Amino acid sequence: MIKIAFIASEAAPFAKTGGLADVAGSLPKALQSKSFNVDVYLPLHRIISDTFRNEMKFLGATSVSMGWRTQYVGVYHLIHEGVDHYFIDNEFYFKRHTLYGEGDDAERYVFFSKAVLAAMKFMDRKPDIIHTNDWHTAAVNVLINEYRKHDEFYADIKTVFTIHNLRYQGIFDPYTLGDLLDLPKEYFNEDQLKYYNSINLLKGGIVFSDHVTTVSKSYAEEIKYPYFGENLDGIIRKYDFKLTGIVNGIDYETYSPSKDVNIPINFDLRSIGRKKEIKMHLQIKFGLPVDPEIPMLAIVSRLVDMKGMDLIEHILDELLLENVQLVVLGTGESRYEDLFKTYQYRYPDKVAARIYFDQYESHSIYAGADIFIMPSLFEPCGLSQLIALRYGTIPVVRQIGGLKDTVIPFNKYTGEGNGFGFQNYNAHELLFTIKEALSTYENDENWKMLMRHAMKADNSWTASSKEYMAIYMKLMGQELYEDPNM
Ligand code: GLC
């Protein structure tokens, strides 16, 4: 049995701002088996609901030093879906309205990193491997490198670091090094934490981990070059030997067209036609003309540049000349929130702008729409296109990163494919590709075939969790073998 400690700043259903939470909420469950035990560590964020808090058990408290101060570390425990979750409590750091974007983020997440390491020792619950995610927890992999020199407990723990998004790196003032991390100044050099005149925690995560993964094969290649490398492509190339791209999965229980209680009508491969009834439900709810034949386009996304919203803005008028309906769900930059609100006002029969986020509604849109639009500027993996595929909604994506690895463009000659894709970050390439999807939609046979291919694509964690297992086993000097009971 290999013991994994999986550490993240957010995880569904406890606290979620983005895709990281979905992965941290579903991958541990997929790994948990006879051969692997996974403990999940999270901050006890204020937004975690009382329903969960009331179920938690207080295990005790320890402390860590943060510069000249000593800070309280409370540890709470909850078993959720068969996985042990440990929550680090400290109200000074985590009783905030937001998860990130506070002036003292460096301190808050360095505290969390130290607290997790202290909590493991306090509970005498030593993992074989620590698996951290993104810059918020990268300090763990750096700190343990130092701790293991003086403390037996940490001596032989291996580390894995996963990059979910290379853009956010945790770049802070070098004083953090001595004051908060308590690391000797030797760490401030180009090969370790130094990044221009600052320190870069994500860089530290890459340098000090035994293995690094990122969330798709294509992104793992892309970040070796300056265009997608976010100024760290040199470091990524240097550590290429320990980098693996593993595409994310989604939880097939949460997202299940045949069982989902969040959608008005359930369906499966044999009753794919019922999607149209869900579409009519949406049309009624959103005040759009009720007609099952009008193609419904959907955007469920954070409304930000990274997601390609500027491309949509550029072609929106031309797109709305077509006989289509467009449903938008999400929040983000006010520029894009206003854009969709304005278009709803101008085209009330065509546009429904839902400028908020609602899990229940998102499932119905994934299930009821015909075409899902996701023209990201960059996309390490992307989960929305996987959800869309699962519900037979055909994605139109930019073919980069995880989008390239999971959406196969339709080939009208061979019938292969489960979506549509375009290459260049160009608004009219997007428009032409949407138009191609719309003309395919008119051919009922072809469209049904596309929907079937989409629904049959396996984007569950089954295959990807095995790739993580193989990495863990390799770090433990073992080979992955196929155990039918695993
Ligand atoms: C980040 C990435 C997204 C990925 C998710 C989970 O949010 O931007 O592409 O799917 O992390 O790994």
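Trainee: Can you lay out the pairing of strand β1 (residues 2–7) for me, pointing to particular residues and giving the numbers?
Mentor: Burial analysis of β1 places 5 of its 6 residues in the buried class, the great majority of the element. For the crossover that starts at β1, traverses helix α1 (residues 19–31) and ends in the parallel strand β2 (residues 36–43), the hand is right-handed. Bridge count between β1 and strand β6 (residues 129–133): 4 bridges; the pairing is parallel. What sits directly across from I4, in β6, is I129.

Trainee: Run through the domain arrangement of the protein, naming residues and quoting values.
Mentor: For the protein, the assigned domains are domain 1 (2–249 + 461–475) and domain 2 (269–456). Here domain 1 and domain 2 have C-alpha centroids that lie 33 Å from each other. A combined buried area of about 1,300 Å² lies between domain 1 and domain 2, and 61% of that area is made up of carbon and sulfur atoms. Put simply, domain 1 and domain 2 have 5 residue pairs in polar contact (both at pLDDT 80 or more) between them. For the side of domain 1 that touches domain 2, the secondary-structure elements that each account for two or more residues are α1, α8 (217–222) and α9 (226–229).

Trainee: Which residues make up helix α18 (residues 444–456), and what values do they have?
Mentor: Taking 1.5 Å of rise per residue, 13 residues should cover 18 Å, and α18 covers 18 Å from first to last C-alpha, within 8% of that figure. Among the residues making up α18, those that are buried are W447, L450, M451, A454 and M455. Buried residues of α18, viewed axially, fall in a sector of 130°; they line one side. Along α18, exposed side chains directed more than 90 degrees from the buried face belong to E445 and K456. Turning to α18, the residues buried within the fold contact α11 (275–286), β16 (371–374), α15 (384–390), β17 (394–398), β18 (420–422) and α17 (427–441).

Trainee: Which residues make up the packing of aromatic side chains, and what values do they have?
Mentor: Here the structure, examined in full by the defined rule, presents 26 aromatic pairs. Aromatic ring contacts, followed pair by pair, group F92, Y93, F94, Y100, Y109, F111, F112, W135 and F172 into a single cluster. Stacked on the ring of F92, the Lys or Arg R96 has its end atom at 6.0 Å from the ring centre.

Conventions adopted
- Residues numbered from 1 in each chain as written.
- Predicted model: local features only at pLDDT ≥ 70, side-chain atom pairs only at ≥ 80, totals over all residues.
- Heavy atoms only, no water.
- Buried < 20%, exposed > 50% of the residue type's maximum accessible area, 1.4 Å probe, protein only.
- Helix = DSSP H or I, 4+ residues; strand = E, 2+ residues; numbered from the N terminus.
- Right-handed = clockwise from strand over helix to strand, strands pointing away.
- Pairing = 2+ DSSP bridges.
- Domains from an automatic or database assignment.
- Buried area = accessible area lost by both parts, 1.4 Å probe.
- Polar contact = N/O pair within 3.5 Å; in protein donor to acceptor, adjacent residues only side chain to side chain.
- Expected span 1.5 Å × (residues − 1).
- Arc of directions from axis to C-beta.
- Contact = heavy atoms within 4.5 Å.
- Phe/Tyr/Trp six-rings, centres within 6.5 Å; stacked < 30°, edge-to-face > 60°.
- Lys NZ or Arg CZ within 6 Å of the ring centre and 35° of its normal.

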